[in-house]
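Residue-level listing of the chains:
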Amino acid sequence: MSGRIRRFFRDRKEDVQDYTGGSGIIGKFVLAVLVIYLLVAVVLGFYWSDEPETFSVRENTRAVANAMGREPVTGFATTSTLIRIAETLLDKPGGYLTNDIFPPGLWLDNIPSWEYGALVQVRDLARAMRRDIARSQSQSAEDPDLVVAEPQFNFDSNSWAIPSTESEYRRGIAALKRYLDRLSSNGQNSAQFFARADNLNNWLADLETRLGSLSRNLGESVGKASISDAMVDVDADQALQEIPDGEEVKTPWTQVDNVFYEARGSAWALLHIFRAIEVDFRKVLQDKNAMASVKQIIIELEGTQEPMWSPVILNGSGFGILANHSLTMAAYLSRANAAISDMRDLLSRG
């Protein structure tokens with residue numbers, strides 16, 4: 001038995017030597033470089049897999065205003081927060097990983113999923129600012145810098161070069177900075193930010209569907225029947241007819257962690273956005289008695305950012321022995337979505 005083991009390792013050694021060009025100095029050098037590269041890639045992979053920390057929206061707003069020598073006018077907190085979120089996607093450890101084609105970024109999938117979740121919220125808020133928040137009415141002209149920023153963030157998130165995703169997103173960030181500069185100036189070409197209930201409500205309507213979809217995807221980690229499909233063939237004239245269960249929809253086990261981190265990235269971005277909304281829309285929130293709803297949303301979103309102590313995303317079967325991180329995340333997002341629904345109702349009242 002021991003002879004077979006020695007022969008196995010001797011054969012593997014010969015295979016490596018053949019692959020690296022023999023047992024000479026060049027072959028050993030190539031092998032050493034390859035081993036060192038892989039070790040460094042593994043270490044960097046662990047470092048790059050750390051999620052960005054949350055930041056104080058108010059401190060960030062004050063810091064940006066002081067650096068610009070401006071007063072933080074209405075809209076300053078939301079715009080500077082949007083810029084900070086977009087910059088975090090590009091400047092966190094490892095940079096933007098979604099479009100990486102070399103290790104260790106090529107091997108990682110959790111952080112790219114996190115990036116996509118946060119990116120979706122950047123896109124949605126940029127669109128809301130261009131379409132509603134920066135315009136006084138439907139016939140008003142769009143802000144020229146937001147016209148540039150919004151499509152830049154909708155550029156292909158997987159483009160490695162010619163042009164790269166990072167370069168296009170930085171153009172969007174630069175356009176947001178120009179908008180922020182004009183917003184806080186008193187010149188004739190100053191930008192506008194209308195912190196009205198209807199503008200906020202329009203963005204919340206889109207967000208409500210986003211969170212509903214995320215909660216559904218998270219819930220499918222344990223398998224759910226697709227009720228909508230089951231209702232198609234129901235005969236309305238046969239009231240006593242049994243309604244069949246729909247086909248079970250379950251997230252593949254290889255995608256459970258990706259869905260989880262996409263939701264976690266979305267929640268991270270939304271946590272900061274709602275903290276900024278609490279600042280810029282304070283007057284309308286108080287007038288509509290909606291401040292409590294915002295506080296509740298922030299509390300639920302803070303729960304989604306609790307530290308992960310498990311090295312893997314556990315996918316226990318609901319009430320089983322093991323935890324199910326996806327269902328825990330879905331619970332937080334569902335409660336946040338319920339608070340958003342209450343908030344929209346309050347904002348729509350006269």
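Residues numbered from 1 in each chain as written. Predicted model: local features only at pLDDT ≥ 70, side-chain atom pairs only at ≥ 80, totals over all residues. Heavy atoms only, no water.

Draft legend 1. Representation of the UniProt feature "transmembrane region" (unreviewed entry) in the protein. In this structure's numbering, the residues bearing the UniProt feature "transmembrane region" (unreviewed entry) are residues 29-48. From the first C-alpha to the last, residues 29-48 spans 28 Å; its make-up is 100% helix and 0% strand. (UniProt positions renumbered as here; feature names shortened; annotations may be inferred. Helix = DSSP H or I, 4+ residues; strand = E, 2+ residues; numbered from the N terminus.)

Draft legend 2. A look at the pattern of salt bridges. Taken as a whole, this structure holds 24 salt bridges when the rule is applied. Between Glu208 and Arg344 there is a salt bridge; the shortest N-O distance is 2.9 Å. On the criterion of sequence distance, the pair formed by Glu208 in helix 8 (residues 197-219) and Arg344 in helix 13 (residues 325-348) is long-range, its members being 136 residues apart. By relative accessible area, Glu208 is classed as partly exposed at 22%. (Salt bridge = Lys/Arg side-chain N within 4 Å of Asp/Glu carboxyl O. Buried < 20%, exposed > 50% of the residue type's maximum accessible area, 1.4 Å probe, protein only.)

Draft legend 3. Region of interest: the environment of Arg127. Tracing the backbone through its elements, the reader meets Arg127 in helix 5 (residues 110-133). Its relative accessible area of 24% is what places Arg127 among the partly exposed residues. For the pair formed by Arg127 and Phe153, sequence separation is 26 residues and the distance between their alpha carbons is 9.5 Å. At 3.3 Å, the side chain of Arg127 forms a polar contact with the side chain of Asp124. (Polar contact = N/O pair within 3.5 Å; in protein donor to acceptor, adjacent residues only side chain to side chain.)

Draft legend 4. Layout of the packing of helix 5 against helix 8. Closest axis-to-axis distance for the helix 5/helix 8 pair is 10 Å, and the angle between their directions is 150°. Considering the angle they form, helix 5 stands roughly antiparallel to helix 8. As for how helix 5 packs across helix 8, the hand of that crossing is right-handed. Contacts between helix 5 and helix 8 involve Val120, Gln121, Asp124, Leu125, Arg127, Ala128, Arg131, Asp132 and Ile133 from the former and Asn199, Asn202, Trp203, Asp206, Leu207 and Arg210 from the latter. Each residue belonging to the contact of helix 5 with helix 8 can be placed in one class, and the counts come to six nonpolar, three polar and six charged. (Axes fitted to C-alpha atoms, helices over the stretch in contact; angles between N-to-C directions. Parallel < 35°, antiparallel > 145°, perpendicular 65-115°, else oblique. Left-handed = near helix turned anticlockwise from the far one by under 90°. Contact = heavy atoms within 4.5 Å. Nonpolar A, V, L, I, M, F, W, Y, C, P; charged D, E, K, R; others polar.)

Draft legend 5. Region of interest: unusual backbone geometry. For the bond from Ile162 to Pro163, the omega torsion is -15°, close enough to zero to count as cis. Among the structural elements, Pro163 can be located in the loop between helix 6 (144-153) and helix 7 (165-183). For Ile162, which is not glycine, the phi torsion reads 55° and is therefore positive. Mapped onto the elements, Ile162 comes out in the loop between helix 6 and helix 7.

Draft legend 6. The arrangement of helix 3 (residues 57-68) in detail. Compared with an ideal rise of 1.5 Å per residue, which puts twelve residues at 16 Å, helix 3 spans 16 Å between its outermost C-alpha atoms and is within 8% of the ideal. Summarising the contacts, the buried residues of helix 3 are in contact with helix 4 (76-91) and helix 10 (256-280). One or two positions beyond helix 3, positive phi appears at Gly69, with a value near 70°. (Expected span 1.5 Å × (residues − 1).)

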